Amino acid sequence: MKIIDFRSDTITKPTEEMRKAMYLAEVGDDVYEEDPTVKKLEEIGANLVGKEDALFVPSGTMGNQLALLAHTERGQEIILEEKSHIFMFEVGGLAFISGLQSKTIKGHKGIMCASDIERAIRVNNIHFPQTGLICLENTHNMAGGVITPIELMRKVYEIGLNYKIPIHLDGARVFNAAVGLGVDVKEITKYSDSVMFCLSKGLCAPVGSLLAGDKKFIEKARKYRKMLGGGMRQAGIIAAAGIVALENMIDRLEEDHYNNRLLAEKLININGIQIDMDTVQTNILMIDIVNKNYNADTVISLLKENGIYVSKISDYKIRFVTHMYISKEDILYTAKIMKDILE
Ligand code: TLP
């Protein structure tokens, strides 16, 4: 049976071109900063997002955690959205690794309001922790791939400048945001002091993310990466795939967005499914099961019997993610199976 895997864009595998680039990659010891392919990837990445420097890290999680370590001091508080990846899915690393406390804000469809952020900044009082960092997520995963408007990013960046608080952008899917808005990614990343973006999601590289920022910040992050065991040796082997990801895979994200929208448009017509179409902006689709006879578990197992894999978000919510291995035909087949199941 053919498997149609919507669980995540992380399941994508390296393309032929990536495999060739990996085979041919020139390598060296990157802890000595002697791997030319890693250096090239870091340079390309930094230029793309308009930052002075970048650091190749094994995962998005490590990139975010290094940003927290490098921007903050123990005992500080950071402001972040209540369903953000850093708060929800990074194993409490912010407290465990960086000794931080979180001040979460409820966003509207994942997007925090600038005035709520400003209000959450701690005043100078002997009892209070100091606010050390504001984190944004663009696109917002749990909101269903929602794009943070550039105007909001600009406002938050200004707040950061006024209060001398840095802004970190979890841009795991920031290229989806840029493609979705039809802008150069720098138009988004210029409103953050640091940005983490993933090579191993819709861009199909097998491993890795980049953390970008100014030179001093990256120098600090490099040291912390070593401390956490993320100093990789001949990492050019995997960085080579990352270069292909950045050079050749960004434009094709548009196809994932098209397929995701098509899926939403088909599924919304099925009884028992609810979708907030406002949130259908990039490559993630959240659907709510509102048929009394079904819940996420039952729908997921019926889909699985038909070779369709999706993720459970809550008792009645399911996530679909489109990526390079999902075709238009797969979308039409999935919509048909969903109709058969629910109607
Ligand atoms: N997201 C994964 C899961 O961890 C939920 C997924 O399948 O969507 N920031 C954001 C916004 C993310 O969505 C993810 C991964 C990360 C950071 C972490 O990246 P990795 O998985 O490389 O550590």
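Treat the numbers as computed from the prediction; the structure is a model and nothing was measured.

Draft legend 1. Summary view of the side chain of Ser200. Along the chain, Ser200 falls in the loop between strand E7 (194-198) and strand E8 (209-213). The contacts of Ser200, once residues within four sequence positions are left out, are Asp9, Thr10, Thr12, Ala205, Pro206, Val207 and Gly208.

Draft legend 2. Local environment of the UniProt feature "modified residue: N6-(pyridoxal phosphate)lysine" (unreviewed entry) in the protein chain. Mapped onto the present numbering, the UniProt feature "modified residue: N6-(pyridoxal phosphate)lysine" (unreviewed entry) falls at Lys201. Mapped onto the fold, Lys201 is located in the loop between E7 and E8. Looking at Lys201, the relative accessible area reads 15%, which means it is buried. Those residues in contact with Lys201 that lie beyond four places of it in its chain are Asp9, Thr10, Thr12, Ala172 and Arg173.

Draft legend 3. Inspection of the environment of Ile341 at higher detail. Mapped onto the fold, Ile341 is located in helix H14 (residues 328-342). Sequence-distant contacts of Ile341, defined by excluding residues within four places in its chain, comprise Tyr294, Leu302 and Leu303.

Draft legend 4. Broad picture of the sheet that holds strand E13 (residues 317-321). Taken in spatial order, the four strands make up an open sheet running E9-E10-E13-E12, and their pairing is antiparallel. In this open sheet, the two strands that pair with only one neighbour each are strand E9 (273-274) and strand E12 (311-314). In this structure, E12 lies alongside E13, joined through three bridges in antiparallel fashion. Within E13, the residue paired with Ser311 across the bridge is Arg319. Along the sheet, helix H13 (residues 296-305) makes contact with strand E10 (284-289), E12 and E13, crossing E12 at roughly 175 degrees.

The rules we used
- Residues numbered from 1 in each chain as written.
- Predicted model: local features only at pLDDT ≥ 70, side-chain atom pairs only at ≥ 80, totals over all residues.
- Heavy atoms only, no water.
- Helix = DSSP H or I, 4+ residues; strand = E, 2+ residues; numbered from the N terminus.
- Contact = heavy atoms within 4.5 Å.
- UniProt positions renumbered as here; feature names shortened; annotations may be inferred.
- Buried < 20%, exposed > 50% of the residue type's maximum accessible area, 1.4 Å probe, protein only.
- Pairing = 2+ DSSP bridges.
- Axes fitted to C-alpha atoms, helices over the stretch in contact; angles between N-to-C directions.

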